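# Results of the structural survey
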Amino acid sequence: MTKLGRELASKGINVISLSVGEPDFNTPDHVKNAAKQALDENYTRYSPVPGYPDLRQAIVNKLKTENNLDYDISQIVVSTGAKQSLSNVILTLIDPDDEVIIPTPYWVSYSEMVTLAEGKSVFIDTDIESNFKITPAQLEAAITPKSKLFMFSSPCNPTGSVYSKEELAALVAVFEKHPNIYILSDEIYEHINFVDKHESIAQFDSIKDRVIIVNGFSKAFAMTGWRLGYIAANKEIAAANDKLQGQTTSGTCSIAQRAGIVAYEQGLESVLKMKEAFLRRRELVYNLLNEIPGVKTNLPDGAFYFFPEISSFFGKKDADGNVIKDSADLALYLLNVGHVATVGGDSFGNNNYIRLSYAASDESLVEALRRIKEALGKLA
């Protein structure tokens, strides 16, 4: 959808993109200055495969200070973005026919990474009524003798759902009965969280050794193009990820790593300012979505997405008589008629929804929602 939106924009059409999953803020100046300093200090050679020791120590310190989690640098592997971190974990853990349990909706690449590792994705469906969160009973029902890994994100892309400590504890009680299952916890949206505080499933000692945290700098510090992510895991898994990465990409960009150290060592002031803007925009979009007949939405607790239910428009026709059959059709219709780029929920495993990113200016959001409302009103 981003590509199609750019193609329309290249023809002179004013397209508002709500399809991209990245902050619309610039990387903080102190982080950019650290990169410039790294160049001046000639950090231009190959970096260690698992990351510079002082960056890994900064990550260890962050996990202790912010999350009360104890790791040492041998348990940290820095990669070229959290996406590579996810892929590394799956490729090192999953053998052919191993089952990976994934709640839906899920980030689009999860299941494809499992396919690449020749594993099998087992989906647990959720919906807007449950705020897109699974129950312990659903988790238990999905587990089989072939289950090897459970992977999820909190805050979630695409729904913005956030698991509370109590909800995580209930899932942990299930994992305690199944000691052969690892848990991959994607926490990349940790700091864009509108509830009390971020809760990591790694805080539970009974399963911590089986938890692999994936995190990074892209969302919190608006560093999407810097490609800097990491895992925190037990030493055996970390060593396996180190070994795999050494045979694929080797060490992550040296300049990005030096900038990452400063990002973690100089506090969260810029992160909190960005979070304030997202909170304001969340309220704005929530109110505007609720004004559109046929659209059903919840109020997300984190990230910068809405995942509204739009199945009431299926079966309707546009002005040319084309039938809207699914979320992909609706997203394409909104692009071509409303000139707003969104993403169909089928990409995330839930076809009755679309994803809207509110990582855009207030003015753009107001205009985008006006266009969406007008375009949907034309369907008959």
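Each value, and the rule that gives it
- Per chain, residues are indexed from 1 in the order of the written sequence.
- Residue-level local features of this predicted model are given only where pLDDT is at least 70; pairs of side-chain atoms are given and counted only at 80 or more, and the full residue set underlies all totals for whole chains, interfaces and linings.
- Hydrogens and water are ignored here; the side-chain numbers use all heavy atoms of the structure.
- Each residue is placed in one exposure class: buried if its accessible area under a 1.4 Å probe, protein chains only, is under 20% of its type's maximum, exposed if it is over 50%, and partly exposed if it falls in between.
- Segments assigned H or I by DSSP are reported as helices when at least four residues long, segments assigned E as strands when at least two residues long, and all are numbered from the N terminus.
- Pairing between two strands requires that DSSP report at least two bridges joining them.
- Pairs were defined over the aromatic rings of Phe, Tyr and Trp, the Trp ring being its six-membered one, requiring ring centres within 6.5 Å. Orientation was assigned from the angle between planes: stacked under 30 degrees, edge-to-face over 60, tilted for the rest.
- Crossovers are marked right-handed if the path from the first strand over the helix to the second runs clockwise, as seen with the strands pointing away from the viewer.
- Simply put, an axis is a line fit to the C-alpha atoms, just over the touching stretch for a helix, and the angle between two N-to-C directions goes from 0 to 180 degrees.
- Every angle not falling under 35 degrees, over 145, or within 65 to 115 is termed oblique; those three ranges are roughly parallel, roughly antiparallel and roughly perpendicular.
- Only heavy atoms matter for contacts: two residues are in contact if any of them lie within 4.5 Å across the pair.
- As a working rule, the residues Ala, Val, Leu, Ile, Met, Phe, Trp, Tyr, Cys and Pro are called nonpolar, Asp, Glu, Lys and Arg charged, and the rest polar, with Gly in that last group.

### Observations regarding the pairing of strand β7 (residues 211–216)
Counting buried positions along β7 gives 6 out of 6 residues, so the element sits mostly inside the fold. In this structure, strand β6 (residues 182–186) lies alongside β7, joined through 4 bridges in parallel fashion. Counted as the bridge partner of Ser185 is Ile213 from β7. Sheet topology note: the β7/strand β8 (residues 229–232) ladder contains 4 bridges and is antiparallel. Within β8, the position partnered with Val214 by the bridge is Ile231.

### Some details on the packing of aromatic side chains
Under the counting rule described, the total for this entry stands at 23 aromatic pairs. Measuring from centroid to centroid gives 6.1 Å for Phe217 and Phe221, while their planes differ by 35°, and the two rings are tilted. You'll find Phe217 and Phe221 in the same group, each marked buried. Seen from their ring centres, Phe307 and Phe348 are 6.0 Å apart, and the 85° between their planes marks the pair as edge-to-face.

### Overview of the sheet that holds strand β11 (residues 343–344)
Taken in spatial order, the 3 strands make up an open sheet running β9-β12-β11, and their pairing is antiparallel. In this open sheet, the two edge strands, each paired with only one partner strand, are β9 (305–306) and β11. As paired strands, β11 and strand β12 (residues 354–357) are joined by 2 bridges and run antiparallel to one another. Directly across from Gly344, in β12, lies its bridge partner Ile354.

### A short note on the pairing of β6
Taken across its 5 residues, β6 has 4 buried, putting it largely inside the fold. With 5 bridges joining them, strand β5 (residues 147–153) and β6 adopt parallel strand pairing. Among the inter-strand pairings, Met151 is bridged to a residue of β6, identified as Leu184. Once you follow β5 into helix α7 (residues 165–175) and on to β6, the crossover reads as right-handed.

### Overview of the packing of helix α11 (residues 327–338) against helix α12 (residues 362–377)
At their nearest, the axes of α11 and α12 sit 10 Å apart, and the two run at 105° to each other. By the angle between their axes, α11 is roughly perpendicular relative to α12. Across the interface between the two elements, Leu330, Tyr333, Leu334, Val337 and Gly338 from α11 touch Arg371, Ile372, Ala375 and Leu376 from α12. For the contact of α11 with α12, the class distribution of residues is 7 nonpolar, 1 polar and 1 charged.

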